[in-house]
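Analysis of the macromolecular model
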Amino acid sequence: DGGFELFWKPHLGYGGSFEWRGDIRFEDEPSWNRFFTGYRLFLLHQARLAARFGAELLAVGVELEGTTHRPEWHALIAEVRTIYSGRLTYAANWDRVEEVPFWSELDVIGVHAYFPLAPDEDPSDEALQRAWDGVLADLAELSERNGGKPILFAEIGYNRSLEAARQPWAYEMDESPAARRLRRRLIALAIRRVENAPAIEGMFWWKWIPGPNHHDRDFSMKDPEARAVLAEMWGDSTRSTGSDPGRSTGGHP
């Protein structure tokens, strides 16, 4: 219909002794109680905002892999449902998606799809294809074990880097033509594979930050090679017109 659907995905910040939100975990019950008391207030506030703005999908958590074993999640998901009527997901990191114990209580299985695909800097198309075949087979099995629940790539992206196939999560950038070519190939292949994978209902590309993002350029989908491959795969609305690359000329969510 040409419209947009809104995915409300509140990321929890981290710092201090935590190098990544997936490392948030505690050794004693008072600390766990303090965490979930604060997180409950945060998430319920986000759920009310998602409901107010008509978001179709809400993530109850993002990469909080050190917490998913806790029983508090079950009551929290049930409480969110009392104030938000849209679909619910949780955004699991690619290597922890099998370990989330509450998929049955959600509507969509969310995954941050930074799957390593090849050990070399310049993998062949055949090697990348085989890697995706394995990933998608595992995800299809996960969906089947959960009653055919759809899977969403709640985040996927490739940096401009020769490491992008073997470490898609790495932030270091490479300005070489070879890195740009690899990034284009990886984006195009991901789109082609997901479009033909019945268990996957869609993907959200990381990242397109509104306005200039000169100081936050890693993974930017405003880069010429990213815009070009989206234009090839999804139509001319994302093609760069030669204007300021820090400005959007249209695109897909």
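The notes below deal with the structure included here. (Residues numbered from 1 in each chain as written. Predicted model: local features only at pLDDT ≥ 70, side-chain atom pairs only at ≥ 80, totals over all residues. Heavy atoms only, no water.)

1. Concerning the packing of helix H3 (residues 125–145) against helix H4 (residues 177–195)
Threshold: Axes, fitted as lines to C-alpha atoms, cover a helix only where it is in contact. Angles between the N-to-C directions of the axes lie from 0 to 180 degrees. Secondary structure elements follow DSSP: runs of H or I no shorter than four residues count as helices, runs of E no shorter than two count as strands, and numbering proceeds from the N terminus. Comment on the angle field: the value is read as roughly parallel under 35 degrees, roughly antiparallel over 145, roughly perpendicular from 65 to 115, and oblique elsewhere. Crossing handedness: left-handed means the near helix sits turned counterclockwise from the far one by under a right angle, and right-handed means the same turn made clockwise. What makes two residues a contact is simply this: any of their non-hydrogen atoms within 4.5 Å.
For the pair H3 and H4, interaxial distance at closest approach is 11 Å and the crossing angle is 40°. With respect to each other, H3 and H4 are oriented oblique. Viewed along their axes, H3 and H4 form a crossing whose handedness is right-handed. For the pair H3 and H4, contact is made by Asp-125, Leu-128, Gln-129, Trp-132, Asp-133 and Leu-136 and by Arg-185, Leu-186, Leu-189, Ala-190 and Arg-193, respectively.

2. Structural notes on H4
Short version of the rule: Multiplying 1.5 Å by the residue count of a helix minus one yields the expected span of that helix. Think of it in three bands: with a 1.4 Å probe and only protein chains considered, a residue is buried below 20% of the maximum accessible area for its type, exposed above 50%, and partly exposed in between.
Over its 19 residues, H4 runs 27 Å from end to end, which matches the ideal 27 Å to within 8%, given 1.5 Å per residue. Those residues of H4 lying buried are Ala-179, Leu-182, Arg-183, Leu-186, Ile-187, Ala-188, Leu-189, Ala-190, Ile-191, Arg-193 and Val-194. In this fold, the buried residues of H4 make contact with H3, strand S5 (151–156), strand S6 (200–205) and helix H5 (224–234).

3. Remarks on unusual backbone geometry
A cis amide bond links Trp-206 with the next residue in sequence, Lys-207, at an omega value of 5°. With respect to the secondary-structure elements, Lys-207 resides in the loop between S6 and H5. One non-glycine residue, Glu-63, adopts positive backbone phi at about 60°. Along the chain, Glu-63 falls in the loop between strand S2 (57–62) and helix H2 (72–81). The backbone of Phe-219 sits at a positive phi, close to 65°, despite the residue not being glycine. Here Phe-219 is to be found in the loop between S6 and H5. On the accessibility criterion, Phe-219 (2% relative accessible area) is buried.

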